[in-house]
Amino acid sequence: MADFDAQIHDSQEQVAAAQQKISELTSRIETAGSRLKAGDDIAIDIENASLDDVHAHTEAMNANIAELIMGLDDVTAGFSRDFDEMRNKTGMESFIGIFSKAKSEAMRQERMRLASVDEKLQDLIGKSDIIVQLLEGQLGVLNTHKDKVEANLTGTLDEREVTVGALETLRADILAMDPQIIELENRISVEQDAAARTVLETELAALNTRYNQMVQDEQVKLANSQTLERYIEKGKTWVDSLQNQAATQMVLINKLQTDTKQRVVLYDALTKSLKTAQQQDVAHRINEIGVETDQEAQTAMAAIGSATNARMADMMEAHEDHMVFARKVLEQKAKSDERFARRFQAIVEKHDKNLYGA
Amino acid sequence: MKEALTRDHAGLSDALVARRYFAKFERITAHLARVAALLHEERAFTKPELTVVGRYLRGISFSFQALANKYLLTGRIEGPLAGALTIDRSESGFPVHAEFLTMANDAQQAERHLRNMPGSAELKDQMVRRIVGELALPTRLQFALSQRLYYEALLKADLFWAQNDPEALWQGDAGEGRRRFLVHWAVYDSQINLPTIYLMDVEDAGRTALPKDQRRWPEAQRHLMAQSLGGLKLLTIAKGFDGDFDDLHPKRLRRIHIGPMYSSAFTRQSGPIREVLEKAQSPAGEDWALAWTVEELESARVTQEKSGWFSAVEREVFALDPFAGRGADTGATRTERAIILPQRPYQTLDDLAPPGFRQVRKFVVGPQGQVLSYR
């Protein structure tokens, strides 16, 4: 259990670190966005917002949590010790068994009557709750970041549209200037009058200056649009990554909740069936020694009893609905298991090797 | 194996369905108290027993109210945060045992949650702001408030938990320095997913009164809690208790199973009750039937048994159902089955008159709260 607590603590730290990294990245993207609006160069900011680091970190975190979930299996292995204890005799009981078999058996029965796994089940639910909370917290953070970046992205997309629009009008204007310039040049080449020629040349020079300016403007706009594009690309990757991470968290939560539900029921049923089976006939045997005298009356009544029973059996119906429902549940469970296995293949392999190899 | 155990469990993930389910139970638990009062009038329950049973019934009602708050916004909130109530569909109709275990876990942390939450007045204020200011449904705030009410209910009311530890009530002297106690406890049985109430009449021959005896009482409490399984027959429980405690003599042990609840909308049932509920075509809220079973085991006589070398202890011999010889082995002196249902399903039940129900007592409840009993 100490191991489990340490692992939970570990995971909590990792989740906190991952969340910090995620917010760092989001804030970088956001600052880049605001600086973009201010018109600064943001190329460096975008390069700095490296996803790899965050990815490596979240991967480690998820691996840890997946291991934690699989580790619950090992924690619950403690239950099987309880089951064995219920089946077998303790050292003291075996020792007494040398002298009196009956006394030793009676001691074991008494111990079994006291056995209860309810506290352990409560503990199991509590532990799984802690992990679920961890995961849900992470999921919440991922979703808020996703929303933030998405909102930011929509703004930037609009901006890029405007920039591209401006670029295109500029290009159209530049194209429209070409015939004007050619016409002027033609007119200059055929003009005989020096004064008129000078006027035309001045006009051409002004036109050329404007043309150059527009071309320069086009370059700036182009660069701007490219930066915006890179920014959007980065943001999109980030949103994708956040979405992917959120999906992972959901798979983990789903797996954990299904598992815990089933485990609680399973261990409970196992303990109780053990207790029931081992006690029931003993109690009857003991009581029957006392009721031997009533035996005769019983046999007389038994005939009536069995007739009633037969009728009750007739009344029971086939449970075909049951089977359909069971199949559906099985399918759902298989799906959730498969999703888990697909995402955490490596960890499952490692875990299995640890469990069965050593 | 694991899947087989949970195949009957189903989540109520739709908000309206969940609300209808809780509304149904609110009505049913209100009727239960009236049925218990009727049984008291017939001398089936003594006054203290009625008080005890009434308290457990109220507890069940409070627990359902708490759960209703917890799952109030099921299906309206996205994400795994909201969750859904899981009920056992076959032969129970009640929430699964794990819901009650989770509730106990929540209760331990209720104070911490409440400390970090805004008060209900503030939440309502925020809701109004959101409705008036942003013209939007304040679903998140509603969820926060429902959780707050849930945690408040966990702290405040006397709920029915997964385990309700034994209490002993002094009933008078039985002569020869013996005291009579009514020991009562209740569990939410995990195998059949139903609340079960235990009542035991005990004669205490010890020197210190049982509830004040710091040696025997905690041990007895633990013993009884660990033995309260639906799968154990009353005889097994009583015999084990009698054998483990030399100076406590269980004279009478009763077990009250509340449920299963049948409803054609929520549960899967087999046998005649399905036909009855389907044919009745009752309006929502009238479509249910709740079984109520009382098992009773009485001590027939007492024998002396040697214990160690010098002393002897009394052991009980319990009277068993005469039918128990070869037929259904109940391990109880008698078993009384009753079914509580509204008027309309009862009419159909009476028309169809399925053979299995002839021996079952029928309590018919009316919308105004009157209870009629038919054999």
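Small disclaimer: the values here were computed from a predicted structure and weren't measured.

## A look at the pairing of strand β6 (residues 248-262) of chain B
Residue and element names in this part refer to chain B.
Consideration 1: Of all 15 residues that make up β6, 13 are buried, and the element is covered over most of its length.
Consideration 2: Bridge analysis of strand β5 (residues 194-204) against β6 gives nine bridges, and the strand direction is antiparallel. Bridge pairing in β6 places glutamate 203 opposite histidine 249.
Consideration 3: Here β6 runs beside strand β7 (residues 289-307); their pairing, made up of nine bridges, is antiparallel. By the bridge assignment, histidine 257 is partnered in β7 with threonine 293.

## Thoughts on the nonpolar core
Consideration 1: Within the largest apolar cluster, 103 residues are counted, with the highest numbers of intra-cluster contacts made by Tyr21, Ile258 and Trp292 of chain B.
Consideration 2: Per element, the largest residue contribution to this core is 13 residues, and it comes from helix α7 (residues 194-290) of chain A.
Consideration 3: In this structure, Met200, Val202, Ala220 and Leu229 of chain B belong to the second largest nonpolar core, which totals 28 residues.

## Here we look at unusual backbone geometry
Residue and element names in this part refer to chain B.
Consideration 1: For the bond from glycine 259 to proline 260, the omega torsion is 5 degrees, close enough to zero to count as cis.
Consideration 2: Along the chain, the position of proline 260 falls in strand β6.
Consideration 3: At glutamine 281, a residue that is not glycine, the phi angle is positive and equals roughly 45 degrees.
Consideration 4: Relative to the helices and strands, glutamine 281 is located in the loop between α9 (272-280) and β7.

## What about the pattern of salt bridges?
In a structure, side chains of opposite charge can pair up when their charged atoms sit close to one another.
Residues and elements named next belong to chain B.
Consideration 1: Using the criterion set out here, one finds 28 salt bridges over all chains in the structure.
Consideration 2: Among the ionic pairs, arginine 334 bridges to glutamate 298, the shortest N-O distance being 3.5 Å. In this pair, arginine 334 sits in strand β9 (residues 334-342) while glutamate 298 sits in strand β7, placing the two residues 36 residues apart along the sequence.
Consideration 3: A relative accessible area of 32% means that arginine 334 is categorised as partly exposed.
Consideration 4: On the accessibility criterion, glutamate 298 (26% relative accessible area) is partly exposed.
Consideration 5: Through salt bridges with shared partners, one network takes in Glu49, Asp201, Arg252, Arg254, Glu296, Glu298 and Arg334.

## Quick word on helix α4 (residues 97-115) of chain B
All names here are of chain B.
Consideration 1: The end-to-end C-alpha separation of α4 is 28 Å, in line with the 27 Å expected for 19 residues at 1.5 Å each.
Consideration 2: Along α4, the helix axis deviates most sharply at glutamine 109, where the bend reaches about 55 degrees.
Consideration 3: Those residues of α4 that fall on the buried side of the exposure criterion are His97, Ala98, Glu99, Phe100, Leu101, Thr102, Met103, Ala104, Asn105, Asp106, Ala110 and Leu114.

## Details of the confidence of the model for chain B
Consideration 1: Per-residue confidence for chain B gives a mean pLDDT of 87, with 95% of residues at or over 70.
Consideration 2: With pTM at 0.76, the complex prediction returns an ipTM value of 0.72.

## Focus: the confidence of the model for chain A
Where the model shows low pLDDT, its predicted coordinates should not be examined in detail.
Consideration 1: Averaged over all residues, the pLDDT of chain A is 73; the fraction at 70 or higher stands at 72%.
Consideration 2: In the predicted structure, residues 290-326 of chain A sits below a pLDDT of 50 and forms 34 contacts with residues beyond four places in sequence or in another chain.

## Details of the packing of helix α3 (residues 47-70) of chain B against helix α6 (residues 139-156) of chain B
Residues and elements named next belong to chain B.
Consideration 1: Look at α3 against α6: their axes get within 7 Å of each other, and the N-to-C directions meet at 160 degrees. When the axis of α3 is compared with that of α6, the two are roughly antiparallel. As α3 runs across α6, the sense of the crossing is left-handed. Listed contacts from α6 to Ala66, Asn69 and Lys70 of α3 are Ser146, Gln147, Leu149, Tyr150, Ala153 and Leu154.
Consideration 2: Residues that form the contact of α3 with α6 fall into these classes: five nonpolar, three polar and one charged.

## Some thoughts on the packing of aromatic side chains
Residue and element names in this part refer to chain B.
Consideration 1: Enumeration according to the criterion identifies 13 aromatic pairs over all chains in this entry.
Consideration 2: Measuring from centroid to centroid gives 5.6 Å for tyrosine 21 and phenylalanine 22, while their planes differ by 75 degrees, and the two rings are edge-to-face.
Consideration 3: According to the relative accessible area criterion, tyrosine 21 is buried, its value standing at 0%.
Consideration 4: The interplanar angle of 10 degrees and the centroid separation of 4.2 Å between the aromatic rings of phenylalanine 25 and phenylalanine 64 together place this pair among those described as stacked. One end of the pair, phenylalanine 25, is in helix α2 (residues 15-41); the other, phenylalanine 64, is in helix α3, and 39 residues separate them in sequence.
Consideration 5: Within the aromatic cluster, the residues linked to one another by ring pairs are Tyr21, Phe22, Phe25, Phe64, Phe94 and Phe266.

## Observations concerning the packing of helix α6 (residues 118-190) of chain A against α4 of chain B
Consideration 1: Relative orientation of the contacting elements α6 of chain A and α4 of chain B amounts to 75 degrees, with a least axis distance of 10 Å. In terms of orientation, α6 of chain A lies roughly perpendicular with respect to α4 of chain B. Of α4 of chain B, the residues touching α6 of chain A (which contributes Leu121, Gln122, Ile125 and Gly126 of chain A) are Ala98, Leu101, Thr102, Ala104 and Asn105 of chain B.
Consideration 2: The class makeup of the residues in the contact of α6 of chain A with α4 of chain B is five nonpolar, four polar and no charged.

Quick notes on the rules
Residues numbered from 1 in each chain as written. Chains lettered and ligands numbered in written order. Predicted model: local features only at pLDDT ≥ 70, side-chain atom pairs only at ≥ 80, totals over all residues. Heavy atoms only, no water. Buried < 20%, exposed > 50% of the residue type's maximum accessible area, 1.4 Å probe, protein only. Helix = DSSP H or I, 4+ residues; strand = E, 2+ residues; numbered from the N terminus. Pairing = 2+ DSSP bridges. Core = buried A, V, L, I, M, F, W, Y, C linked by side-chain atoms within 4.5 Å. Salt bridge = Lys/Arg side-chain N within 4 Å of Asp/Glu carboxyl O. Expected span 1.5 Å × (residues − 1). Bend = angle between axes of the 7 residues up to and from the residue. pLDDT = per-residue confidence, 0-100. Contact = heavy atoms within 4.5 Å. Axes fitted to C-alpha atoms, helices over the stretch in contact; angles between N-to-C directions. Parallel < 35°, antiparallel > 145°, perpendicular 65-115°, else oblique. Left-handed = near helix turned anticlockwise from the far one by under 90°. Nonpolar A, V, L, I, M, F, W, Y, C, P; charged D, E, K, R; others polar. Phe/Tyr/Trp six-rings, centres within 6.5 Å; stacked < 30°, edge-to-face > 60°.

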